Amino acid sequence: MLKSQRFGYTIMSFLITLLLLSCALKSKTELYLERGLDILSNKKEVNFELHDGIRINEVGVIRDKKEHKKILVLKMDNQVTDALLRDYTVRLRARIKTEEARIENWDFVPSICVTNGHTYLTKEIEIPEDKINKLVIYLYRPGDEKKRAIGNRLELKNLFTYND
């Protein structure tokens, strides 16, 4: 074998190893977000406008067993920006039924995450169950103690919280 061929094989082996390592270092959440949730099995297409140009296209939950967490993902229309969201807090109100029904509230200040041209809002949620029976999503103004909805309320039924 020629010296230049061996050098070429060495470079190629190094590049393949580097590629494999870079993929292995990404979390499950990062991989789903990079792909636009295209392979997430438990997402729901909603195409719903919460308020004046703030549109949610899809909702899903990514369960990462390795990191022991679940991330609720709102795939937003690409026109949604932090500027559109700055005057609001997002309210996630979940009804979960097991032996008894309970309500979980996960309010958060929205901050856009853009990955590979896809726009998201994400929120880590603590829920051991595999299903949210009813999830209500809406916006309200910070400081509103009654948390009155601004705009429309999105209601989803039977949102599964596992995907593997």
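Scroll up to find the structure this text is about.
Residues numbered from 1 in each chain as written. Predicted model: local features only at pLDDT ≥ 70, side-chain atom pairs only at ≥ 80, totals over all residues. Heavy atoms only, no water.

A. Summary view of the overall build of the chain. For the chain, the helix and strand inventory stands at three helices and nine strands. Ordered by position from N to C terminus, the α and β elements of the chain give α-α-β-β-β-α-β-β-β-β-β-β. Split into buried and exposed, the 164 residues of the chain put 38% on the buried side. Looking at the chain alone, contacts between residues at least 24 apart form 60% of all its contacts between residues at least 6 apart. When the accessible area of the chain is evaluated, it comes to approximately 10000 Å², of which 51% is carbon and sulfur surface. (Helix = DSSP H or I, 4+ residues; strand = E, 2+ residues; numbered from the N terminus. Buried < 20%, exposed > 50% of the residue type's maximum accessible area, 1.4 Å probe, protein only. Contact = heavy atoms within 4.5 Å. Areas by Shrake-Rupley, 256 points an atom, 1.4 Å probe, with all protein chains shown as cover.)

B. Seen up close, the sheet that holds strand β5 (residues 101-108). Strand order in the open sheet formed by four strands is β5-β4-β8-β9, and the pairing between neighbours is antiparallel. The open sheet terminates on both sides in strands that have one partner only, identified here as β5 and β9 (150-160). Here the average twist between neighbouring strands, direction ignored, is 15°. Looking at chain direction, strand β4 (residues 89-97) and strand β8 (residues 131-140) are connected through seven bridges and run antiparallel. Bridge pairing in β8 links Arg 93 to Val 136. (Pairing = 2+ DSSP bridges. Axes fitted to C-alpha atoms, helices over the stretch in contact; angles between N-to-C directions.)

C. Seen up close, the sheet that holds strand β2 (residues 54-64). Pairing within the open sheet is antiparallel, and its five strands lie in the order β1-β2-β3-β7-β6. The two strands at the open ends of the sheet, each matched to only one other strand, are β1 (44-51) and β6 (113-115). With strand direction ignored, the average angle separating the axes of adjacent strands in the sheet is 40°. Sheet topology note: the strand β3 (residues 69-76)/strand β7 (residues 118-125) ladder contains seven bridges and is antiparallel. Bridging from a neighbouring strand, Lys 75 pairs with Tyr 120 of β7.

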